[in-house]
Amino acid sequence: MKPVFLLSLAALLLIGNLLSGASESFAAIHKGQASEMDLRVMTYNLRYLNNKDVSPHTWEERRPTIRQVIHNEKPDIFGTQEAVYEQIKDLETDLPQYEWIGVGREGGSKGEYMAVFYDKNRFSPIEYDHFWLSDTPDVIGSTSWGNTIPRMVTWVKFLDTKTGQHFYFVNTHFDHRSAEAREKSAALIVEKIQEFDPELPILLTGDFNESPDSKPYQLLTTEGPFVDLWKVAETRINEELGTANAFQDPTGGGPERRIDWILSKGNVVTKTIEIVNYQKNGQFPSDHYPVITDVTLQY
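Residues numbered from 1 in each chain as written. Predicted model: local features only at pLDDT ≥ 70, side-chain atom pairs only at ≥ 80, totals over all residues. Heavy atoms only, no water.

Undergrad: Outline the sheet that holds strand S9 (residues 227-228), supporting the account with residue identities and numerical values.
TA: Reading across from one edge, S5-S6-S7-S8-S11-S9 is the order of the 6 strands in this open sheet, with mixed pairing throughout. Of all strands in the sheet, those with a lone pairing partner are strand S5 (123-132) and S9, marking the two edges. (Pairing = 2+ DSSP bridges. Helix = DSSP H or I, 4+ residues; strand = E, 2+ residues; numbered from the N terminus.)

Laid out in structure tokens, this is it:
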């Protein structure tokens with residue numbers, strides 16, 4: 001029995017060494033990665049640059065107020081809607097701590113951007129792309145489903161250098177007229193994110209032009225994989241407000257007009273979420289209120 005015993009003991013020692021080596025390799029791969037990531041996330045429809053908005057709501061007058069809102073709230077990362085190239089460049093000047101990724105919805109610098117602004121000292125973009133909310137999502141500027149202007153998505157896969165972890169950030173703006181377009185846009189986003197790494201959390205920001213009792217909301221949340229962070233937050237601030245103030249309504253249209261959302265997929269804990277109703281001497285920074293939330297991404 002002794003040779004058999006010695007052989008078995010040698011085999012056990014070999015297996016132990018192999019497991020130990022695998023464990024050390026795994027630890028080396030994940031060295032420096034934290035199990036949690038704290039983020040402050042914002043979505044903000046900035047109102048496009050035009051000659052119709054009268055004082056005090058011209059872009060020239062609103063620009064310093066928007067800068068003040070962002071300085072006050074200090075998001076780590078935020079998605080904007082409607083801003084055109086000139087406005088994006090103004091924000092680049094006003095907010096030197098951020099870099100941005102985006103493209104005009106008509107291609108190149110033409111049209112409104114779904115820009116993603118991020119703390120350049122903390123995040124590194126690993127991969128990014130855009131797609132259009134249409135039957136031909138890879139065709140720049142394409143439209144379908146009754147929307148007369150192009151609608152699109154910008155997404156980025158980020159490395160957080162603070163924790164060593166990755167996550168996706170997705171930013172969009174649904175059509176304001178076509179209900180069919182909004183529904184099919186929601187379904188397309190659910191389809192497209194299946195191409196992402198399923199192990200990583202996703203944050204989705206946008207102006208969805210729909211209330212939380214709508215079909216697109218249901219497609220993204222009830223039927224889809226996303227969670228509305230407003231609904232699951234430990235603390236909600238300004239629950240009585242909506243987000244569409246139209247430069248004149250302090251209530252933002254009330255809760256039924258909460259059309260700007262921050263959604264998530266994956267292990268995301270929401271601490272506080274707020275509709276930011278900051279005004280300066282009667283001036284609304286935009287015709288939408290921004291929404292900001294403190295979240296923890298768990299790995």
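Undergrad: Which residues make up the pattern of salt bridges, and what values do they have?
TA: The full count for this structure, using the stated rule, is 19 salt bridges. Close ionic contact of Arg-105 with Glu-112 constitutes a salt bridge, the shortest N to O distance being 2.9 Å. On the basis of relative accessible area, Glu-112 is assigned to the buried category, the value being 10%. With a shortest N-O distance of 2.9 Å, Glu-239 and Arg-236 are connected by a salt bridge. (Salt bridge = Lys/Arg side-chain N within 4 Å of Asp/Glu carboxyl O. Buried < 20%, exposed > 50% of the residue type's maximum accessible area, 1.4 Å probe, protein only.)

Undergrad: Can you explain the nonpolar core? Please cite residues and give values.
TA: Counting residues in each nonpolar core, the largest one holds 27 residues, and the members touching the most others are Leu-39, Val-41, Ile-77, Phe-158, Phe-167 and Phe-169. Not counting the four nearest positions on each side in its chain, Leu-39 is found in contact with Asp-76, Arg-122, Phe-123, Phe-167, Leu-203, Thr-293, Asp-294, Val-295 and Leu-297. (Core = buried A, V, L, I, M, F, W, Y, C linked by side-chain atoms within 4.5 Å. Contact = heavy atoms within 4.5 Å.)

Undergrad: Could you give me a rundown of the packing of aromatic side chains, with the residues and numbers involved?
TA: Counting across every chain of the model gives 16 aromatic pairs. Three or more aromatic residues joined by ring pairs make a cluster, and in this case those are Phe-78, Tyr-85, Tyr-98, Trp-100, Tyr-113 and Phe-117. Sitting above the plane of the Phe-131 ring, Lys-192 keeps its charged end 5.3 Å from the centroid. (Phe/Tyr/Trp six-rings, centres within 6.5 Å; stacked < 30°, edge-to-face > 60°. Lys NZ or Arg CZ within 6 Å of the ring centre and 35° of its normal.)

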